Amino acid sequence: MGLDIYAGTMTRYYAHNWKTAVQRWAEENGYTFQRITPNDGEIPEDDKMSPAEIQAAIESWQQQVLAAIAQPGQKPYTAWTENNEKPYYTDKPDWDAFGAMLLVAACHVYGEPVPDTVEKDWQFLDHPLIDRLSEDTEMAWSLFRGTSCWLPLADSFMFQGPMPTGDQTMIATTAGLRRELERLNQMAWQADEDTVFRWEQTEGYPTDGTVGADGVITMGAEHIQYSTQSLAKYAFSLFYQALKFAEENQVPILLDY
C-alpha cells in the first residue's frame, strides 16, 4: 500500500477523476495499470454517484465542517470552490520517504543526529524520536498526528473529524502545514524555493527501481537502505509543491493510500 499526495478539489478526488503519478507513468510507457485501494470494491452501477451528486455531497460536508470550526464572534471561514474540473497536483512520496522526512524533523527538534540511512520498508512510526514528537503536546505538528487532509484555510489548527465518507481522521489546514514545512526547512536545510523544487529530480529513491501494477515502488535487492537526507528532501519537495498548488488554487490536500 503506497502513499500518494493529492492537491485538488474533493469532488474530483472522490469522483476518481484524477490519475496518480504511477498511473500517468504507466500510460505513458504502454503499461496496463489498475489502481486498488483499501476502500475500493465493486459498486453496483445503480449505486454509483454521479460527479454532480458527489459535488453536492462534498459541499454539504464542507458547510457542516466550516460551521463546526467557526470561532464565536469571528467571521465564518470562506468555502473553497468545489467542482470536477479544477486542475490538480499529485505525486508519490511513498512511506519510506515520508518517514524519513518525519525523522529529520524529529531529530532536529530534539537535537539528535540524523541517521545516515533508513532501511527499505522501515516502520518509521516505531522510531522513538518520531513517537516522541507525535506525543509531544507542546509541538502539535499535523504531520505527526496522522493527518490525512489539510483544508485551504488561513488559520493554523487541527481537529478530529469525519471525512465525506464518514471515516474519522485528523484534519488540519494548509496554513498549519506551511508553518511546519517552513520550520523543518529552517532547522534542517535553509534551502531556497528553487532548490526545494529541484529535489524532486535530484533526490529520492535509487533510479533503478521498478513500479508494480499495484503502484508500489520496488527496488533491486542491493537497495535495502536509503539515504535518510535524500529521501527526506524528496518527500519535502513533493509536500511543498502540493502546498504551493493548494494555496494558489484554494483547494485541499489529501493523502491517498
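Above this text you will find the structure in question.
This is a predicted model, so every value here is computed, not measured.

K.L.:
I'd like a description of the overall build of the chain, backed by residues and values.
P.N.:
Along the backbone of the chain there are eight helices and 10 strands. Expressed as a percentage of the 257 residues in the chain, the buried residues total 47%. For the chain, restricting intrachain contacts to residue pairs at least 6 apart in sequence, the fraction spanning at least 24 positions comes to 70%. Summing over all exposed atoms, the chain offers an accessible surface of approximately 13,300 Å²; the carbon and sulfur share of this is 47%.

K.L.:
Explain the environment of Asp-155 to me, and be specific about the residues and the numbers.
P.N.:
For Asp-155, the location among the structural elements is in the loop between strand 4 (147–151) and strand 5 (159–162). A sequence separation of 20 residues divides Asp-155 from Ala-175, and the C-alpha atoms of the two residues are 5.8 Å apart. Those residues within four positions of Asp-155 in sequence are excluded, and the remaining contacts are Tyr-77, Thr-173 and Ala-175.

K.L.:
How would you summarise the sheet that holds strand 5 if you had to cite specific residues and measurements?
P.N.:
Here we have six strands laid out as an open sheet, ordered 2-1-10-4-6-5, and mixed in their pairing. Unpaired on one side and paired on the other, strand 2 (89–91) and strand 5 mark the two borders of the sheet. The mean inter-strand angle of the sheet, taken between neighbouring strand axes irrespective of direction, is 30°. Two strands pair when backbone bridges link them, and strand 1 (residues 4–7) and strand 10 (residues 253–256) are joined in this way by four bridges, in the antiparallel orientation. Within strand 10, the residue paired with Asp-4 across the bridge is Asp-256. Of the strands in this sheet, strand 4, strand 6 (168–173) and strand 10 touch helix 6 (residues 174–188), which is tilted by about 70° from strand 6.

K.L.:
Just give me the short version of the packing of helix 4 (residues 94–109) against helix 6, but keep the residues and values in it.
P.N.:
Helix 6 packs onto helix 4 with a crossing angle of 65° between their chain directions and a minimal axis gap of 10 Å. As far as their axial angle goes, helix 6 and helix 4 are roughly perpendicular. Helix 4 and helix 6 meet at a crossing whose hand is left-handed. Where helix 4 abuts helix 6, its residues Met-101, Val-104, Ala-105, His-108 and Val-109 lie against Leu-184, Met-187 and Ala-188. Here the contact of helix 4 with helix 6 is composed, by residue class, of seven nonpolar, one polar and no charged.

K.L.:
Help me get a handle on the packing of aromatic side chains, residues and values and all.
P.N.:
Under the counting rule described, the total for this entry stands at 24 aromatic pairs. Taking 5.2 Å as the distance between ring centres and 50° as the angle between the ring planes, the aromatic pair formed by Tyr-6 and Tyr-13 counts as tilted. Residue classification places Tyr-6 among the buried positions, given a relative accessible area of 0%. Each ring, one from Tyr-205 and one from Tyr-226, has its centre 5.4 Å from the other, and the planes form 85°; the classification is edge-to-face.

K.L.:
Account for helix 3 (residues 51–69), with residues named and values stated.
P.N.:
Look at helix 3: 27 Å from first C-alpha to last across 19 residues, which is about the 27 Å you get at 1.5 Å a residue. Considered for burial, the residues of helix 3 that qualify are Ile-54, Ile-58, Trp-61, Gln-62, Val-65, Leu-66 and Ile-69. Mapping the buried residues of helix 3 onto a view down its axis gives an arc of 130°, with all of them on the same face. Opposite the buried face of helix 3, at more than 90 degrees from it, the exposed residues are Ala-52, Gln-63, Gln-64 and Ala-67. The elements touched by buried residues of helix 3 are helix 1 (10–14), strand 4, strand 5 and strand 6.

K.L.:
Give a description of the packing of helix 4 against helix 5 (residues 128–135) that names residues and reports values.
P.N.:
Look at helix 4 against helix 5: their axes get within 9 Å of each other, and the N-to-C directions meet at 75°. Comparing the axis directions of helix 4 and helix 5 gives the class roughly perpendicular. Taken together, the residues of helix 5 that come into contact with helix 4 (itself represented by Gly-99, Leu-102, Leu-103, Ala-106, Cys-107 and Val-109) are Leu-129, Ile-130 and Leu-133. Its residues assigned to classes, the contact of helix 4 with helix 5 comprises eight nonpolar, one polar and no charged.

Here is what the cut-offs are and how they apply
Residue positions are counted from 1 within each chain, in the order its sequence is given. In keeping with the predicted nature of the model, local features appear solely for residues at pLDDT of at least 70, side-chain atom pairs appear and are counted solely at 80 or more, and the whole-chain, interface and lining totals rest on all residues. Computation of side-chain values: all heavy atoms of the structure, hydrogens and water removed. In this description a helix means any DSSP run of H or I spanning at least four residues, a strand means any run of E spanning at least two, and both kinds are numbered starting from the N terminus. Three exposure classes are used, based on accessible area relative to the maximum for each residue type with a 1.4 Å probe and protein chains only: buried under 20%, partly exposed in between, and exposed over 50%. Residues count as neighbours in contact if any of their non-hydrogen atoms are within 4.5 Å of one another. The method behind every accessible area is Shrake-Rupley, applied with a 1.4 Å probe, and residues are considered shielded solely by the protein chains displayed. We call two strands paired when DSSP finds no fewer than two bridges between them. Whenever a helix is involved, its axis is fitted only over the stretch in contact; in every case the axis is a line through C-alpha atoms, and angles between N-to-C directions fall within 0 to 180 degrees. Angular relationships are summarised with four words: roughly parallel below 35 degrees, roughly antiparallel beyond 145, roughly perpendicular across 65 to 115, and oblique for the angles in between. Take the far helix as your reference; a near helix turned counterclockwise from it by less than a right angle gives a left-handed crossing, and one turned clockwise gives a right-handed crossing. Residue classes follow a fixed rule: Ala, Val, Leu, Ile, Met, Phe, Trp, Tyr, Cys and Pro count as nonpolar, while Asp, Glu, Lys and Arg count as charged, and any other residue, Gly among them, counts as polar. Under the pairing criterion, centres of Phe, Tyr and Trp rings, with the six-membered ring standing for Trp, must be within 6.5 Å; the plane angle then separates stacked pairs below 30 degrees from edge-to-face pairs above 60, leaving the rest tilted. By definition here, a helix of n residues has an expected span of 1.5 Å times n minus one. Taking the helix axis as origin, the arc is that swept by the directions to the C-beta atoms.

Any functional reading would require information that these geometric values do not contain.
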